[in-house]
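Spelled out, the chains give:
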Amino acid sequence: MNVIGEKFKETLGSVIPIIIIVAALNFTVCPLSADLLVRFVAGGILLVVGLSFFLLGVDLGILPVGERSGAALTSKKNLPLLLGASLFIGFIVTIAEPDVQVLAEQIKNSSALVNKNLLVVMIAVGIGMFVMLGLLRTVLHLPLNIILTVSYIIVFGLAFFCPKEFQAVSFDAGGATTGPMTVPFIMALGVGVAAVRSGKNVSSSDDSFGLTGIASVGPVAAVCVYGVLAGSGILGTAVEPGSGEIQAAVGEQVLDSTFGIINSLKIFLQILPETLKEVMLAMSPLVVLFIILQLFLLKMPPFKVCRLFIGLCYAFVGLVIFLLGVNGGFMPAGLEVGNQLGQLALKSNGWKILVVLVGAVLGAVVVCAEPAVWILTEQVEDLSGGNIRRKLMLTFLSVGVSLSIGLSMLRVIYQFSLWYILIPGYAVALVLSYLVSPQFVGIAFDSGGVASGPMTSTFILSFTLGVSSSCGGNPVTDAFGVIALVAMTPLLAIQLLGLVYKYKLKGQKGE
């Protein structure tokens, strides 16, 4: 019971700041209907409960399987088996990732030309391919910065040939899809592989981090490929400008409902059957994967299999409740708040400044409320021997994410290209990767998906879509990209701290 209490406390801390900000906006400049306000609060409660149960299930049943699988596959000393299994495992785990489901749903709502199921499959293939690449790097002890440099050069090349409507979406996919399911499992898989390698003469300390960072490149490449194929008509569709208007229409249809306060909660029951169906389809491949691993690789004793089954049950129930909260109340409220602020931004420059400030405040509180960010800061503090304090780390991340979402609001309002921010940002991050220690490079690129957690994928993205719709832009090209900028922030912040740490050590040694 104490465990679920801890998970509940962690997730509650992530949601409360959003609720407080929305309440403040509701009583000042963005009054929400009673119906939507009730749904938002109910959605927040469901999100907290669902994510708590889901994370408990991950800890009980999924993390141990990941670590055991990595160790067992490596101990067999069969490289083709390790790479093939990692591709398959990465693919299956990604399909069950809640952030993937949320992002794919929002992309589908923004463009009727996108097939949600095909998009999820492409993202899963991308994760699987790059998890395989990451483990190959670990086994062969290849330099992380070189792998990342080559990977991002290829990705930006693909993005150049990709239709404009898919460019921002592809980089959002890289930040959003490495979420609470994918990241723990991938990290556990990498830990298992590194643990077996640590018995050799080759040091594995530099290989302990970086697998998630490499894996997060996969969805970007996969969605770019999807866009190229869709744009060429191979998939039977052609990308057309203006498809983002669909998102606004969907939002208005939801928000114009006239249910009473009590009847408004019926929306959660109405979407329950479809949510159950989606979660069953998402989780069933994971169950099959674990059965295959148990029969042919792990062969765990019955009590551990029972623990795994209980963990999967927790994860299933949690994912259903989480998606009910997100789709029934949290995202519609974010969309409406964004819509109202976007309408105000059209009136004067003063209101535009307010929109940017609201985005910046949301960024600052969201990143500090993410439980995974606290784990990351503790990791960096330990790695630096206490020279880089957690408070300093949180300050860097908070300021960075605040600036990234503020810039996203400016981009939505003035409709300038995402590349003006993304290309210089990644160029600096890759240059820094050659100046700091490999451990800091690995942690920095691993943490890109940590900062862009469930709150960014749900409320922040919906809020940005709402602002874009009201400002007359195309949400597909103007609003998407906010997750990508949030995910880019830790790459810069942590490596800059690593650079400070490097010169601080030199100063102590008198060099």
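One structure accompanies this document, and this report is about it. (Residues numbered from 1 in each chain as written. Predicted model: local features only at pLDDT ≥ 70, side-chain atom pairs only at ≥ 80, totals over all residues. Heavy atoms only, no water.)

1. So, the overall build of the protein chain
Counting its secondary structure elements, the protein chain contains 23 helices and 0 strands. Within the span of the protein chain, comprising 511 residues, buried residues form 59% of the whole. Across the protein chain, the fraction of contacts at a sequence separation of at least 24, relative to all contacts at a separation of at least 6, is 87%. When the accessible area of the protein chain is evaluated, it comes to approximately 20,000 Å², of which 69% is carbon and sulfur surface. (Helix = DSSP H or I, 4+ residues; strand = E, 2+ residues; numbered from the N terminus. Buried < 20%, exposed > 50% of the residue type's maximum accessible area, 1.4 Å probe, protein only. Contact = heavy atoms within 4.5 Å. Areas by Shrake-Rupley, 256 points an atom, 1.4 Å probe, with all protein chains shown as cover.)

2. Looking at the packing of aromatic side chains
Inspection of the entire model under this criterion finds 16 aromatic pairs. An angle of 55° between the planes, with centres 5.5 Å apart, marks the rings of Phe166 and Tyr226 as tilted. With a gap of 60 residues between them, Phe166 in helix 7 (residues 164–176) and Tyr226 in helix 10 (residues 217–232) connect regions that are remote in the sequence. On the accessibility criterion, Phe166 (6% relative accessible area) is buried. Take Tyr226: its relative accessible area is 2%, and that puts it in the buried class. Aromatic side chains Phe171 and Trp419 sit 5.6 Å apart centroid to centroid with 85° between the ring planes, which places their arrangement in the edge-to-face category. A residue pair is termed long-range when its members are at least 10 positions apart, and Phe171 in helix 7 and Trp419 in helix 18 (residues 419–432) qualify at 248 residues. Trp419 sits in the buried class, given a relative accessible area of 19%. Ring pairing ties together the aromatic residues Tyr152, Phe156, Phe171, Trp419, Tyr426 and Phe445, which thus form one cluster. (Phe/Tyr/Trp six-rings, centres within 6.5 Å; stacked < 30°, edge-to-face > 60°.)

3. Overview of the environment of Val288
Along the chain, Val288 turns up in helix 13 (residues 272–298). Judged by relative accessible area, Val288 falls into the partly exposed class, the value being 46%. It is 9.2 Å that separates the C-alpha atoms of Val288 and Ile92, two residues lying 196 residues apart in sequence.

4. Remarks on the pattern of salt bridges
Counting across every chain of the model gives 3 salt bridges. Arg39 is the salt-bridge partner of Asp35, the closest N and O atoms lying 3.8 Å from each other. Taken together, the positions of Asp35 and Arg39, both in helix 2 (residues 34–75) and 4 residues apart, correspond to about one turn of that helix. Exposure remark for Asp35: the relative accessible area of 5% places this residue in the buried category. Close ionic contact of Lys116 with Glu278 constitutes a salt bridge, the shortest N to O distance being 3.4 Å. A residue pair is termed long-range when its members are at least 10 positions apart, and Lys116 in helix 5 (residues 116–140) and Glu278 in helix 13 qualify at 162 residues. (Salt bridge = Lys/Arg side-chain N within 4 Å of Asp/Glu carboxyl O.)

5. Considerations on the nonpolar core
Grouped together as the largest cluster of nonpolar side chains are 157 residues, with contacts concentrated most on Leu286 and Phe290. Among the elements that make up this core, the one with the highest residue count is helix 14 (residues 302–345) (17 residues). When residues no more than four places from it in sequence are discounted, the contact partners of Phe290 are Gly61, Ile62, Val65, Phe185, Leu308 and Leu312. (Core = buried A, V, L, I, M, F, W, Y, C linked by side-chain atoms within 4.5 Å.)

6. Re helix 10
An α-helical turn contains 3.6 residues, so a residue and the one three or four places further along point in the same direction. Between its first and last C-alpha atoms helix 10 spans 23 Å; for 16 residues at 1.5 Å apiece the expected length is 22 Å, and the two agree. Residues of helix 10 that are buried: Val217, Gly218, Pro219, Val220, Ala221, Ala222, Val223, Cys224, Tyr226, Gly227 and Ala230. As for helix 10, its buried residues are in contact with helix 5, helix 6 (144–161), helix 7 and helix 9 (211–215). Within two residues after helix 10, Gly233 carries a phi angle of roughly 85°, on the positive side. (Expected span 1.5 Å × (residues − 1).)

7. Side note on the state of the cysteines
Counting across every chain of the model gives 0 disulfides. Cys306 provides the cysteine sulfur closest to Cys313, a residue in no disulfide bond, and the two sulfurs are 9.3 Å apart. You can call Cys313 partly exposed: its relative accessible area is 34%. (Disulfide = S-S within 2.5 Å.)

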